[in-house]
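Listed below, chain by chain, are the residues.
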Amino acid sequence: MTSKTRTLASEGSLAMHFMCLAAILMALLLVPRAAVAAEGDVGYRGFAYGSGAGSGWVDPDLSPTASKPQSKLWFAHGRWWGVLNDPASNDFRIHALDTSTQRWADTGVLVDSRNGSRADTLWDGSNLYVASHLASGSSVSSGVQVTRYSFDNGSWSRDAGFPVTINSGGVEAAVIARDSTGKLWVTFTQSNKVQVVVGQPGGLSWGTPFSPTVPGVSVTTDDISSVAAYDGRISVVWSNQIDDSVYAATHLDSSPPATWVGAKKVIAGPNEADDHINIASVAGNAAGKLFVAVKTGQDDVSDNASAPLIRLLVLGTDEVWRQYVHSRVRDGLTRPIVLVDNQNSMLRVFAAGPNTGGVIYMKATPMGSISFGDGRGEPFIRLASDKNINNPTSTKQNLTAASGLVVLASDQVTGRYVHNTMSLGSPPPPPPAGPVAAFSATPRSGEAPLPVTFTDESTGSPTSWAWTFGDGATSTAQNPSHTYAAPGTYDVSLTVTNANGSDTESRAGLITVGSSEPPPPAGAYQDTVTADAPVGYWRLGDSGTAVSAVAGPTGNAVGGVTSTAGALVGDTDAARAFDGSTGYLSIPSSTGLNVTGDLTVEAWAKANASQSGVVVHKGGSSGYSVWQYRLAMTSGGQWRGTVFVGSSAYAVTAPGSAALGTWTHLVFTRSGSTLSMFVNGALVATSTAPGTLNTTTAILGIGRAGGSATGYFNGSIDEVAVYPHAPSASTVATHFSAGRGGGS
């Protein structure tokens, strides 16, 4: 009996063990697990969005990760999100990526219930905007819908009043951007035209689609457009397979929607255009403002293996477009996207290959020295289970250590999403503290000639010193002495540098030099200018709306213009002050002002702020082709002279930041094909400008960009002159000497 009892107990114990084991196995099956990769795999296989084609060629434009210029992903609130398709309902919904398991989870938040819709996403730091649409159809039900979402308590919700339909009919690809004023911009091609639609901040109210009044907007049904925001402006980039070109047009955020500037062909030539465009933008980086990945049509040409197939187009901070070869026809890549890795100052370009897809490849290059090696790059997504991977997509956002990098793609044969992630490293430690500039001067006033001793009092162990004494002289000594030969009030600055950085101290009006000599007679500066035969010379001493002229046509003052103390020493003639928003002087065009060859523009200017503003501008309202010449301050606070030849702009920029609140003598010349910039009588920069300058009947604007209601100057302007020749450097110095010293 005892034996039998023991046997029963053993059997019961064994049964209990089996039950526990079964429970453990079931629990393991229910726990989310990281995707298991086959040997040689790179990346992760996602869920099935549909049944897939099974075999054969499938139109890649029907992929749920298409279309080429669109971004399906964004990083917000510490994780990656995307617009992905739910296979059961065919609805597109917001999904969240769990990077610990590398699996996408459906949040249930609807984006678009239309079967086969395409979406572009924009996260602005506060709200998510999605522009979604069908690729075909002629009714409103196929059109572009803009939807806004908010994030609260860990989840997304659609805001009241959305979606808003902004056009009628399907389009191949709609892209959305937000400018610095909060306005939303959507672009697409429809009815063989590049179209733009502008929405008011918040996205509930939209205008009517229109084509910008710039060249190249008539396109084929196969062309696409894209849009990006940067540095107070919007740029639309599009392909045009009619004339084998890629175009770009720029809109300033401060201008009306219909006013565009800077429209031009970025690349042009046989088979240079195809409907593959993807844009990234970045602010405050010396390497560029816009980065555009494009595929050419060179693969349509026989025996063309070495021809560039994918290019990276870069709009630099100097507003000049440059192009770099990413890969060639023999590499067989397609559908490129470009991402900005701010963490490592890198650009990362992803493309599918070979030809119709299979693997997603990555190539990376430093932003400051762009260069791509030969070949396809390194595999970023390659899976044995999915051999037709195509249509990479990611985000518009610049990448950081916090975000890392995620690229999503799809395989239309297997009907699967695929993706991969990349860590971009830890945030860099703060750099060691650099030096802090400080100095003293003895004496600070006296009669000319006045010797002054300068003493460096900087901290942080500087290793080099750069002094400017305000009269054109400089020194690299630590404790220099300098003699001021002429009367005047002088600004002094010291820049100190070591391995950890640099710092500048500027002291306005530090040195005052008097003279026992009587001041120059009133009108001496005018005599100096008129001796050099200007075709236009305006002293700006008027106090009303009239603008008198010593040479050239008279004009009138408009808006916020007042009279103020002039720039010249010993001359009581006044100057004009401009409010920076409405004020300018309008000078009608004349034959003399339509200079096409050698040129000089001269003025005294006193800026109140380091911001974009025009001192002198001759030209119309609609861009480079109707502009002639310009002297202005850039948005970065530098003095710049520009001439316009056809649809091209050639500029010369003074180094360093302009001094604020003090009068500066500016002379900008063109001699042959050489542009020169003089500041306070000294040559500070040169560049080249080939060709014949444009001519127009548009006004010469003082304090504004000619006939364009932009570029209003914030500060004062005096003694403006235009010459049909380029003076010598000694002549420029003579003009400065004749008027130097004050009014500030």
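To start, this report covers the structure provided alongside it. Not measured: the values here are computed from a predicted model.

Time to look at helix α3 (residues 729–739). Along α3, the positions that sit buried rather than exposed are Val732, His735, Phe736 and Gly739. Along the long axis of α3, the arc covered by the buried residues comes to 95°, so they all point the same way. The elements touched by buried residues of α3 are α2 (524–530), β43 (599–607), β48 (664–671), β49 (674–679) and β52 (714–723).

What follows covers the environment of Thr101. Summarising the element assignment, Thr101 is placed in the loop between β4 (92–98) and β5 (103–112). Measuring from C-alpha to C-alpha, the distance between Thr101 and Ala685 comes to 57 Å, with 584 residues separating the pair along the chain.

Let us now look at the sheet that holds strand β33 (residues 474–475). Overall, mixed pairing links the five strands, which are arranged β30-β36-β35-β32-β33 in an open sheet. At either margin of the open sheet sits one strand with a lone partner, and together these are β30 (445–447) and β33. Where strand β32 (residues 464–468) lies against β33, two bridges are found, and the strand directions are antiparallel. Note on β33: the bridge partner recorded for Trp467 is Ser475.

Further remarks concern the packing of aromatic side chains. The geometry of an aromatic ring pair comes down to the distance between the two centres and the angle between the two planes. Overall, the coordinates contain 22 aromatic pairs when judged by the stated rule. Aromatic pair Phe350 and Phe380: ring centres 5.0 Å apart, planes at 65°, arrangement edge-to-face. Here Phe380 lies in strand β25 (residues 378–381) and Phe350 lies in strand β23 (residues 346–353), a separation of 30 residues in the sequence. Classification of Phe350 by relative accessible area gives buried; the value is 0%. Members of the aromatic cluster, each reached through a chain of ring pairs, are Trp74, Trp81, Trp123, Phe151 and Trp156. A cation over an aromatic ring shows up here: Arg507 above the ring of Phe439, its NZ or CZ 5.4 Å from the ring centre. Note that Arg704 overlies the ring of Tyr584, its terminal NZ or CZ placed 3.8 Å from the centroid.

Another aspect to go through is the pattern of salt bridges. If you walk through the whole model with that rule in mind, you get 24 salt bridges. For the salt bridge of Asp91 with Arg93, the shortest nitrogen-to-oxygen distance reads 3.8 Å. Its relative accessible area of 15% is what places Asp91 among the buried residues. For the salt bridge of Glu719 with Arg539, the shortest nitrogen-to-oxygen distance reads 2.9 Å. Remark: Arg539 occurs in the loop between β37 (536–538) and β38 (546–547) and Glu719 occurs in strand β52; sequence separation between them is 180 residues.

Time to look at the sheet that holds strand β11 (residues 175–178). Pairing in this open sheet of three strands is antiparallel, and the strands run β11-β12-β13 from one edge to the other. Strand pairing shows two members of the sheet lacking a second neighbour, β11 and β13 (193–199), which therefore form its edges. Sheet twist, expressed as the average angle between the axes of neighbouring strands with direction ignored, equals 25°.

With respect to the secondary-structure elements, His251 resides in strand β16 (residues 245–252). Accessibility expressed as a relative area gives 1% for His251, which makes it buried. A distance of 2.8 Å separates a polar atom in the side chain of His251 from the backbone oxygen of Pro256. Residue contacts for His251: discarding those within four places in its chain leaves Trp185, Arg233, Ile234, Pro256, Pro257, Thr259 and Trp260.

With that settled, the discussion passes to unusual backbone geometry. With an omega of 5°, the peptide bond between Phe162 and Pro163 qualifies as cis. Residue Pro449 is bonded to the preceding Ala448 through a cis peptide linkage, with omega at -5°. Within the element layout of this structure, Pro449 appears in the loop between β30 and β31 (450–456). For Arg335, which is not a glycine, the phi torsion comes out positive at approximately 50°. Here Arg335 is to be found in strand β22 (residues 334–341). Even without being glycine, Ser345 reaches a positive phi, approximately 55°. If you trace the backbone, Ser345 turns up in the loop between β22 and β23. What makes Ser345 partly exposed here is its relative accessible area of 38%.

About the criteria used
- Residues numbered from 1 in each chain as written.
- Predicted model: local features only at pLDDT ≥ 70, side-chain atom pairs only at ≥ 80, totals over all residues.
- Heavy atoms only, no water.
- Buried < 20%, exposed > 50% of the residue type's maximum accessible area, 1.4 Å probe, protein only.
- Helix = DSSP H or I, 4+ residues; strand = E, 2+ residues; numbered from the N terminus.
- Arc of directions from axis to C-beta.
- Contact = heavy atoms within 4.5 Å.
- Pairing = 2+ DSSP bridges.
- Phe/Tyr/Trp six-rings, centres within 6.5 Å; stacked < 30°, edge-to-face > 60°.
- Lys NZ or Arg CZ within 6 Å of the ring centre and 35° of its normal.
- Salt bridge = Lys/Arg side-chain N within 4 Å of Asp/Glu carboxyl O.
- Axes fitted to C-alpha atoms, helices over the stretch in contact; angles between N-to-C directions.
- Polar contact = N/O pair within 3.5 Å; in protein donor to acceptor, adjacent residues only side chain to side chain.

Everything listed here is a matter of coordinates, which is why it stays silent on function.
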